[in-house]
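Listed below, chain by chain, are the residues.
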Amino acid sequence: MSGPKEFADARSLWRSTAEPGPALPMLETDLSTEVVIVGGGYSGLSAANALRQRGIEPVVLEARTVGWGASGRNGGVVSGKYRVPFPAMAKTYGLEAARHLHGIAHESLDFVEEIIADLGIPHAQFERTGNLRCAHTERALGALIAEADWLRSELKDDSCRVLSRAELAQELGSRAFVGGVLNRLAGTIHPLNYARGMAAGLAARKVPIFENSPVTRILREPAGVVVVTPGARVRARQVLIATDAYSDSTAATGQVSRSIIPFRSAIIATERMPAHLQAKLLTARRGYSETRRMMKWFRKVDGRFVFGGRGAFGREDTASSFDALKRAMTTLFPELEGLAIDFQWSGLVGMTLNQLPHVGRIDDRTCVSFGYNGVGIAMATLLGRYAGRLMAGESPQLALFDASRQKSVPFRSLRAPGVRMVAGWYQMLDALGR
């Protein structure tokens, strides 16, 4: 990363409330191993765990500290959804493809529970309290209900329940929405505790994890690869690149960055709310999101109102982007007007052209896992396991996720202005209620 202000996280709620991570060294001695993993987030750590379980020795290299990127900056909403609705997925790719990805979505939620138990992460605070999508127009509500009906009829999935305007207002403490659909299988988590807990569990099982060890080059050798850091090198038969939206930090992971559109997402958290607001707002303790194109989401954590959204521009935090987020929050929840903002932070979301994640081989020595499109806690964890299984010689059914299907983003030099243009267009449509 290029500058000291770039995505500063000193005012992150998660860093303020997280358990200390394990003491992890910088790589300073050359090593040889079976697999080297670039990236110490959910995907990289999950892949390391999968390899460990199969008796294969991995080494994990993290450029900053575990959870410094998206794994420690996200909103902590654990969902098995994709950006592409399942009916649209079936229309584009066929019903069986949609059915397969639906199964993977459910598997990803179960796997979060499994890895928490396997690695012993008591402070992850994972709760399956559900996720409620809140419709801002009748048209949006109709689309949510149609998808829930489709899931029930075509995939025999009855995990979604429709809530009326009155039911939603009672639970939210806001009358800004016309109704919603609850996915009962989703939940919430403390994202940084989860990432640090994964690292602590792996370190306790003697998996080498090195922090402050950015990869500057990946070289091919006859027997494998050499991964170069400022302090030392790692020789391995295979390498996994699990850096997602932060893949353009160095040229070494440029193969992945060519297929990603980074999109900045920002989050604010209020001071602790007074008792009457605690009792009135977000009474079910779950995660919530709205249906606007420039989606906002919200939840309650430790008595604070946490509100996030996409559409912040540039690579540095700015006062204007956080001010805009606060205005959006108080528009939906006017009673929050006047509460101080105690925490504000942001990070990158890795978007892909087909709005689906990718995992798999891009050559005989390199695997990748990336592109979670803003819903990556469960999916990044599961696809990390898939990547580990691939490198162990297994053949998980990747279907539409297969990295061989990835497409490079055209006109990469225009990504930043392109994101601004698209975001501006979406903001206009949202303002018009379209």
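Since the structure is predicted, the reported quantities are computational estimates derived from the model, not experimental observations.

## Focus: the overall build of the chain
Assigned secondary structure in the chain consists of 13 helices and 18 strands. The C-alpha atoms of the chain give 21 Å as radius of gyration, which agrees with the globular expectation for 434 residues (22 Å, within 12%). By residue count, 56% of the 434 residues in the chain fall in the buried class. Look at the contacts in the chain between residues 6 or more apart in sequence, and 75% of them connect residues 24 or more apart.

## Regarding the confidence of the model for the chain
On average, residues of the chain carry a pLDDT of 91, and 90% of them reach 70 or more. Every residue in residues 1–5 scores below 50 in pLDDT, and together they form nine contacts with partners more than four places removed in sequence or on other chains. Every residue in residues 418–429 is under pLDDT 50, and counting partners more than four places away or in other chains gives 14 contacts.

## Some points on the nonpolar core
In this structure, Y82, I189, Y194, I209 and F401 are the most contacted members of the largest nonpolar core, which totals 69 residues. Those elements giving two or more residues to this core turn out to be β1 (31–38), α2 (42–53), α4 (86–93), α5 (95–119), α6 (138–154), α8 (191–204) and α12 (376–391). Those residues within four positions of F401 in sequence are excluded, and the remaining contacts are Y82, L101, I104, L356, P357, H358, V359, M379 and L383. In this structure, Y288, F333, L336 and L339 belong to the second largest nonpolar core, which totals 25 residues.

## Brief notes about the packing of aromatic side chains
As enumerated under the stated definition, the model contains 11 aromatic pairs in all. Ring centres of Y42 and Y194 lie 5.1 Å apart, and the angle between their planes is 40°; this geometry places the pair in the tilted category. Taken together, the positions of Y42 in helix α2 and Y194 in helix α8 put the pair 152 residues apart, joining distant regions of the chain. Y194 matches Y42 in its accessibility class, with the two residues each being buried. Here a set of aromatic residues connected by ring pairs shows up, and it is made of F177, Y288, F298, F305, F307 and F333. Positioned over the ring face of W68 is R64, at 4.3 Å from the centre of the ring. Against the face of W68 rests R73, its NZ or CZ located 4.4 Å from the ring centre.

## Description of the environment of R365
Topologically, R365 is positioned in the loop between β17 (358–361) and β18 (366–370). In this structure the C-alpha to C-alpha distance between R365 and R237, which are 128 residues apart in sequence, comes to 6.8 Å. If near-sequence neighbours (up to four positions away) are discounted, R365 is found in contact with R220, E221, P222, G224, V225, R237, Q238 and V239. For R365, the side chain forms a polar contact with the main-chain oxygen of G224, separated by 2.8 Å.

Definitions and cut-offs
- Residues numbered from 1 in each chain as written.
- Predicted model: local features only at pLDDT ≥ 70, side-chain atom pairs only at ≥ 80, totals over all residues.
- Heavy atoms only, no water.
- Helix = DSSP H or I, 4+ residues; strand = E, 2+ residues; numbered from the N terminus.
- Rg over C-alpha atoms; globule rule 2.2 N^0.38 Å.
- Buried < 20%, exposed > 50% of the residue type's maximum accessible area, 1.4 Å probe, protein only.
- Contact = heavy atoms within 4.5 Å.
- pLDDT = per-residue confidence, 0-100.
- Core = buried A, V, L, I, M, F, W, Y, C linked by side-chain atoms within 4.5 Å.
- Phe/Tyr/Trp six-rings, centres within 6.5 Å; stacked < 30°, edge-to-face > 60°.
- Lys NZ or Arg CZ within 6 Å of the ring centre and 35° of its normal.
- Polar contact = N/O pair within 3.5 Å; in protein donor to acceptor, adjacent residues only side chain to side chain.

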